[in-house]
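Single-letter residue listing:
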Amino acid sequence: SQLKRERRWKKRKDTQKEFVAKAHAIEAELKKKTKENADKKNSTAQADATAAAAASATAASATTEQQRMQRQKREQRLYQKEKTQQKEQLKQDRTEYELQIRELNDMKLAVEWLKNAITLFKKMETRLQQSDFAGHKAAHLHLSYCYLKLKAWNFALCHAEKTLAIHQRENLAKSSVSAPPPLLFVSTHDTYLAHMYAAEALVNLRQFQTAIKHLNPNMFPHLIAAAQHKESATPKSAKSVKSTKSSKSKTDSKAEDSEEKEEGAGASAEAGGPIEAEEDMVHEKQTWQQMKEAYYERRSADKENEECNHYLTILVNLATTYICKNELNKAHKYLYKALTINDAYHPALRMLIYLQMRMGNNNEAIKIIKYRRPIPVKQFMQNELF
């Protein structure tokens, strides 16, 4: 019984060892399979990653190539645009240079002709004892303008002063002829231009005090009256609207009256009576008289506006001279005076902007530009010409 028990125990141990060996073999096989599967997965993942990296690299290279091509095209377009702009600028510069050369040659020729005219006027005074003051003044004035364009400041100043001397001689001759002696100094448009030319030449010669003497507003009494009238008659915002409305109503009423007169004339023509024909003639004469009066009124108003603008030009030039002299408060005083006469005078507004910037008030200058909007110099000159 003991032997049987040992055999059974030994057999049980052998079966247990076989079972453990089989279990270990199965576990090893499972581990091997899982390892192989993991290796396969890793290899596929690596392959996928390399494929994705290769695809992204190809896409990035394609996008970079596309961006490079676009950049090259943009640079080429900009280069062509800049090249065309440079060609146009060169063409404009060439035409402007040719115009300047032509103008310079024309000015030199004009100087020669005006010198000949002045010598002829002098010979006429010495030999024939006759004097053409208007022609002599005009020759000196035009010669002063030509010298200003040629930047010959001393010659321009000399001929402007000669214009003023001839004007004084003309006044003396008139006072000796007339019984009641008039004023020795009578300001005219010629004296205005002569003072302006002389002041410009003196400012360029850095002789500011003498230029201020030429720009004294009291030396232009024929302009002061127009400026005072304009200052007293300048309407404010609401008043100006009312005045425009009243003027429009007046023009509408005049148009209605003219239409009524035309209708009456047509009716009288149909009637054919002699009394109506006489009335038509009277109406025609009255309308012609009214048109004539309106024309002369408009002409006098234009002349008054021109004289007022000349006075404003004197004030702005005086302020410019004080700015060049670095006396900014006096310049501000004369600009304020000009703007009180005409608050829409663009040269005064532009000079006020420059003055505010010189005084350090950049915000005030920006406000003037933003709310008043002064037109540029070229546009102002075109408006003055046309």
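Computed from a prediction, not measured in an experiment: that's the story for all the values here.

A short note on the packing of helix H2 (residues 133-149) against helix H4 (residues 189-204)
- Across the interface, H2 lies against H4 with an axial gap of 10 Å and an inter-helix angle of 30 degrees. When the interaxial angle is binned, H2 and H4 end up roughly parallel. Relative to H4, the crossing made by H2 is left-handed. Residues Lys-137, Leu-141, Ser-144, Tyr-145 and Leu-148 of H2 lie in contact with H4, whose contacting residues are Asp-190, Leu-193, Ala-194, Tyr-197, Glu-200 and Ala-201.
- Along the lines of polarity and charge, the residues of the contact of H2 with H4 split into 7 nonpolar, 1 polar and 3 charged.

A closer look at unusual backbone geometry
- Its identity as a non-glycine residue notwithstanding, Lys-151 has a phi of 60 degrees, on the positive side.
- Assignment of secondary structure puts Lys-151 in the loop between H2 and helix H3 (153-177).
- With a phi close to 65 degrees, Arg-206 is a non-glycine residue in the positive phi region.
- Within the secondary structure, Arg-206 sits in the loop between H4 and helix H5 (208-214).
- A relative accessible area of 58% places Arg-206 in the exposed class.

Some points on the pattern of salt bridges
- The tally for this structure, following the rule as stated, stands at 9 salt bridges.
- For Glu-103, the salt bridge goes to Lys-149, with nearest N and O atoms at 3.3 Å. Of this pair, Glu-103 sits in helix H1 (residues 2-127) while Lys-149 sits in helix H2, placing them 46 residues apart in sequence.
- Its relative accessible area of 35% is what places Glu-103 among the partly exposed residues.
- Overall, Lys-149 belongs to the partly exposed group, its relative accessible area being 40%.
- A salt bridge links Glu-170 to Lys-137; the nearest nitrogen and oxygen atoms lie 2.9 Å apart. Here Glu-170 is found in helix H3, whereas its partner Lys-137 is found in helix H2, with 33 residues between them in sequence.
- Taking relative accessible area as the criterion, Glu-170 reaches 13% and is therefore assigned buried.
- Among the charged side chains, a salt-bridge network with shared partners connects Lys-137, Glu-170 and Asp-190.

As for the confidence of the model for the protein chain
- Residues at a pLDDT of 70 or more form 81% of the protein chain, whose mean pLDDT is 79.
- Overall, residues 262-271 carries pLDDT values under 50, and its contacts beyond four positions in sequence, including any with other chains, amount to 4 contacts.

Considerations on helix H10 (residues 346-358)
- Along its 13 residues, H10 runs 18 Å from first to last C-alpha, staying within 8% of the 18 Å computed at 1.5 Å per residue.
- Here H10 has its buried residues at His-346, Pro-347, Ala-348, Leu-349, Met-351, Leu-352, Ile-353, Leu-355 and Gln-356.
- Once H10 finishes, Gly-360 follows within two positions and takes phi at roughly 90 degrees, a positive value.

Quick look at the packing of H1 against H2
- Running from amino to carboxyl end, H1 crosses H2 at an angle of 155 degrees, the nearest separation of the two axes being 9 Å. With respect to their mutual orientation, H1 and H2 come out roughly antiparallel. Along this stretch, H1 crosses H2, giving a crossing that reads as left-handed. Residue-level contacts link Glu-103, Met-107, Ala-110, Val-111, Leu-114, Lys-115, Ile-118, Phe-121, Lys-122 and Glu-125 of H1 to Gly-135, His-136, Ala-139, His-140, His-142, Leu-143, Tyr-145, Cys-146, Tyr-147 and Lys-149 of H2.

Points about a positive patch on the surface
- A cluster of basic residues, Lys-4, Arg-5, Arg-7, Arg-8 and Arg-12, forms a positive patch on the protein surface.
- Judged by relative accessible area, Arg-7 falls into the exposed class, the value being 57%.

Some thoughts on the nonpolar core
- Residues Leu-312, Leu-315, Leu-335 and Ala-348 are the most contacted members of the largest nonpolar core, which totals 59 residues.
- Here the element with the most residues in this core is helix H8 (residues 274-324); it accounts for 10 residues.
- Not counting chain neighbours up to four residues away, the residues in contact with Ala-348 comprise Val-316, Leu-335, Ala-338 and Leu-339.

Conventions we followed
Residues numbered from 1 in each chain as written. Predicted model: local features only at pLDDT ≥ 70, side-chain atom pairs only at ≥ 80, totals over all residues. Heavy atoms only, no water. Axes fitted to C-alpha atoms, helices over the stretch in contact; angles between N-to-C directions. Helix = DSSP H or I, 4+ residues; strand = E, 2+ residues; numbered from the N terminus. Parallel < 35°, antiparallel > 145°, perpendicular 65-115°, else oblique. Left-handed = near helix turned anticlockwise from the far one by under 90°. Contact = heavy atoms within 4.5 Å. Nonpolar A, V, L, I, M, F, W, Y, C, P; charged D, E, K, R; others polar. Buried < 20%, exposed > 50% of the residue type's maximum accessible area, 1.4 Å probe, protein only. Salt bridge = Lys/Arg side-chain N within 4 Å of Asp/Glu carboxyl O. pLDDT = per-residue confidence, 0-100. Expected span 1.5 Å × (residues − 1). Patch = residues over 30% accessible without salt bridge, like charges linked within 9 Å, V, L, I, M, F, W, Y side chains within 5 Å. Areas by Shrake-Rupley, 256 points an atom, 1.4 Å probe, with all protein chains shown as cover. Lys, Arg positive; Asp, Glu negative; His and termini not counted. Charge placed at Lys NZ, Arg CZ, Asp CG, Glu CD. Core = buried A, V, L, I, M, F, W, Y, C linked by side-chain atoms within 4.5 Å.

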